[in-house]
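Close look at the chain arrangement
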Amino acid sequence: MYSFRLVYIFSYNLFQFCGHTWILANTIARFFTFGQDALADTFYSVGFVMSLCQLLSILEIFHIADGIEKARLLPRFIQVIEKNILLIMVIMFEEIQSKPVVCVQFFLWNILDLLRYPHELLCVMERPSVAMLWSRYSLWIPLYILSVVIEGVIIYEALLYLEPSAPHLPSLLLLYLPLLAVGGSVTVWQLLKERKHHLEKRYKRKKQK
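Residues numbered from 1 in each chain as written. Predicted model: local features only at pLDDT ≥ 70, side-chain atom pairs only at ≥ 80, totals over all residues. Heavy atoms only, no water.

Quick look at the overall build of the chain
The helix and strand tally for the chain stands at eight helices and zero strands. N-terminal to C-terminal, the α/β element order of the chain is α-α-α-α-α-α-α-α. The globule rule puts the C-alpha radius of gyration for 209 residues at 17 Å, and the 18 Å found for the chain is close to it. Expressed along its principal axes, the backbone C-alpha trace of the chain runs to roughly 65 × 40 × 30 Å. A buried classification covers 43% of the 209 residues belonging to the chain. For the chain, the exposed area adds up to about 11,900 Å²; of that, 69% sits on carbon and sulfur atoms. Between the centroid of the 20 positive side chains of the chain and the centroid of its 16 negative side chains there is a distance of 18 Å. (Helix = DSSP H or I, 4+ residues; strand = E, 2+ residues; numbered from the N terminus. Rg over C-alpha atoms; globule rule 2.2 N^0.38 Å. Buried < 20%, exposed > 50% of the residue type's maximum accessible area, 1.4 Å probe, protein only. Areas by Shrake-Rupley, 256 points an atom, 1.4 Å probe, with all protein chains shown as cover. Lys, Arg positive; Asp, Glu negative; His and termini not counted. Charge placed at Lys NZ, Arg CZ, Asp CG, Glu CD.)

So, in structure tokens, the structure goes:
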């Protein structure tokens, strides 16, 4: 019989996979239907589902801390926090919600999550795939670096629309930029170590056979 924890973590990853699949399919369908005009209202069409998925992603920190999921805590913590901070900022500043760069970031986020959650599902079922392992790390890492760069661009866009009545916000956002760079570097470094660990473990298994 399957344990409650196994059913729970499988259901969670499946929900996230379905949610991000819907967002990506909706975004692509709108782009082919309305062309570049669809970029302006991407946030309005998928913002709620994206916000729900990102809010629930906070649970992943507890999954790793509790041992339900086997992964490095620090990179996942950085990824979850930076995504939620940016999403809150986009919600706060309506002026940047219609920017094409926000649509590009949402598109990248969904690609990244659709590379990660199928791998997590296969790991839960104890049927890891070499192709998914490669996608999870070798393809995922450069796309993640690109998403961090785009996040910096969105923060710069937000700085242009800040009101003089909130003088502390520009300082906070400017302080967040180097933290974003440091956090992204730490995440990539930790994920490279995780990738090496998984590949070595897989090589040992093949050698034993």
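Regarding helix H5 (residues 73-92)
Taking 1.5 Å as the rise per residue, H5 with 20 residues should run 28 Å; its terminal C-alpha atoms sit 28 Å apart, in good agreement. All buried positions along H5 are accounted for by Pro75, Arg76, Ile78, Gln79, Val80, Glu82, Lys83, Asn84, Leu86, Leu87, Met89 and Val90. (Expected span 1.5 Å × (residues − 1).)

Quick word on the side chain of threonine 42
For threonine 42, the location among the structural elements is in helix H3 (residues 42-56). Ignoring anything within four residues of it in the chain, the contact list for threonine 42 reads Thr27, Gly47, Cys103 and Phe106. (Contact = heavy atoms within 4.5 Å.)

Digging into the pattern of salt bridges
Evaluation of the coordinates by the stated rule reveals seven salt bridges. Salt-bridge contacts for lysine 83 lead to aspartate 113; the nearest nitrogen and oxygen are separated by 3.1 Å. Taken as a pair, lysine 83 in helix H5 and aspartate 113 in helix H6 (residues 100-124) lie far apart in primary sequence, 30 residues in all. Aspartate 113 sits in the buried class, given a relative accessible area of 2%. Note that arginine 116 is salt-bridged to aspartate 113, the shortest N-O span being 3.5 Å. Taken as a pair, arginine 116 and aspartate 113 lie in helix H6 at a separation of three residues, close to a single helical turn. No difference in accessibility class separates arginine 116 from aspartate 113, as the two residues are buried. Through salt bridges with shared partners, a single ionic network connects Glu60, Glu69, Arg76, Lys83, Asp113, Arg116 and Glu120. (Salt bridge = Lys/Arg side-chain N within 4 Å of Asp/Glu carboxyl O.)

As for the packing of H3 against H6
Taken N-terminus to C-terminus, the directions of H3 and H6 make an angle of 40 degrees; their axes are 11 Å apart at the nearest point. Taken as axis vectors, H3 and H6 run oblique relative to one another. Judged by the sense of rotation from one axis to the other, the crossing of H3 with H6 is left-handed. Residues Thr42, Phe43, Val46, Met50 and Gln54 of H3 form the contact with H6, whose own contacting residues are Cys103, Phe106, Trp109, Asn110 and Asp113. Counted by class, the contact of H3 with H6 contains six nonpolar, three polar and one charged residues. (Axes fitted to C-alpha atoms, helices over the stretch in contact; angles between N-to-C directions. Parallel < 35°, antiparallel > 145°, perpendicular 65-115°, else oblique. Left-handed = near helix turned anticlockwise from the far one by under 90°. Nonpolar A, V, L, I, M, F, W, Y, C, P; charged D, E, K, R; others polar.)

Examining the nonpolar core
Considering soluble globular proteins, one finds that nonpolar side chains tend to be buried as a cluster. Counting 35 residues, the largest nonpolar core has Met89, Val90, Phe106, Trp140, Tyr144 and Ile154 as its most contacted members. Breaking this core down by element, the ones donating at least two residues are H3, H5, H6, helix H7 (130-160) and helix H8 (168-208). Considering each element in turn, this core owes the most residues, eleven residues, to H7. (Core = buried A, V, L, I, M, F, W, Y, C linked by side-chain atoms within 4.5 Å.)

Points about the UniProt feature "transmembrane region" (unreviewed entry) in the chain
On the UniProt side, "transmembrane region" (unreviewed entry) is annotated at positions that read residues 12-32, 44-65, 139-161 and 173-192 here. Secondary structure across residues 44-65 comprises 91% helix and 0% strand; the distance between its end C-alpha atoms is 34 Å. (UniProt positions renumbered as here; feature names shortened; annotations may be inferred.)

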